[in-house]
Amino acid sequence: KRGRLPYERGLWMAPRHDRGWFISPAWNYTILLTDSRGVERGQIQRVVKPELPSREELDETRRNMQRGNPGANLDHFMQRAATTPKPSIVAAPVEDGRGRLWVATGRIRQDSTEIDVFGNSGLFLGTRRIAGSVLGMTVFRDELITVVETLDPTTVGDIGMRRLRIER
């Protein structure tokens, strides 16, 4: 990407059908549309209210941190996690064969994740709910495929292999 980025931390890049790139950060709902040389050709922006983690998400975070840091005092970390908004975008966006852009958001509702859909001109078309917590997405034969659960966590001796549950 050439020029100033509209955000500070982390990003995802995904190819566009017209030989460009989607560049999206986790913490700022701005998606840059670039050509193949990285020159910005447009932006998709959406104003969303920042959301704090739910009690269940905080409990899961505490369990994971305790597993990795047995006996550690996590109170300060958990207090900070409880007051820090979740990411606005949680996975690389994907474009389907009709030019629609699918964006996995940090908005998790009970048992589903909200996916924002934009037209090829950047117009917001609406929100769809996908069952589970979306960890990643792709489009295969014009069908949205999402990774929603890690069935076996990585363990010592694994070579990056994981079993995943995939929803179509």
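Only a predicted model underlies this, so the values are computations on that prediction, with no experimental measurement involved.

Procedures and definitions
Residue numbers here run from 1 along each chain, matching the order of that chain's written sequence. Only residues with pLDDT of 70 or above have their local features reported here, since the model is predicted, and side-chain atom pairs are shown and tallied only from 80 upward, although totals for entire chains, interfaces and linings are computed over all residues. Values shown for side chains rest on all heavy atoms present in the structure; no hydrogens or waters enter the calculation. Secondary structure elements follow DSSP: runs of H or I of four or more residues count as helices, runs of E of two or more count as strands, with numbering from the N terminus. Whether a residue is buried, partly exposed or exposed follows from its accessible area with a 1.4 Å probe, protein chains only, as a fraction of its type maximum: under 20%, in between, or over 50%, in that order. Whether two residues are in contact is decided by their heavy atoms, any of which lying within 4.5 Å being enough. What sets the accessible areas is the Shrake-Rupley method with a 1.4 Å probe; for residues, cover comes only from the shown protein chains. Polar contacts, as counted here, are pairs of nitrogen or oxygen atoms within 3.5 Å of one another; within protein the pair requires one atom able to donate a hydrogen and one able to accept it, and residues that are adjacent in sequence qualify only if both atoms are side-chain atoms.

1. What about the overall build of the protein chain?
- Scanning the protein chain for helices and strands turns up two helices and 11 strands.
- Overall, the protein chain shows an N-to-C arrangement of helices and strands of β-β-β-β-α-α-β-β-β-β-β-β-β.
- A buried classification covers 34% of the 168 residues belonging to the protein chain.
- For the protein chain, restricting intrachain contacts to residue pairs at least 6 apart in sequence, the fraction spanning at least 24 positions comes to 32%.
- Total accessible area on the protein chain stands at roughly 11000 Å², and carbon and sulfur atoms take up 50% of it.

2. Here's the deal with the environment of lysine 86
- Take lysine 86: it is sitting in the loop between α2 (75–83) and β5 (94–95).
- For lysine 86, a relative accessible area of 15% corresponds to the buried category.
- Distance from lysine 86 to glycine 106, taken between C-alpha atoms, is 6.2 Å for residues 20 residues apart in sequence.
- Setting aside chain neighbours within four positions, we find lysine 86 in contact with Trp27, Glu51, Leu52, Pro53, Glu57, Gly106 and Ile108.
- Within the local environment of lysine 86, its side chain forms a polar contact with the side chain of glutamate 57, the two groups lying 3.4 Å apart.

Don't take any of this as a statement about function, it's just geometry.
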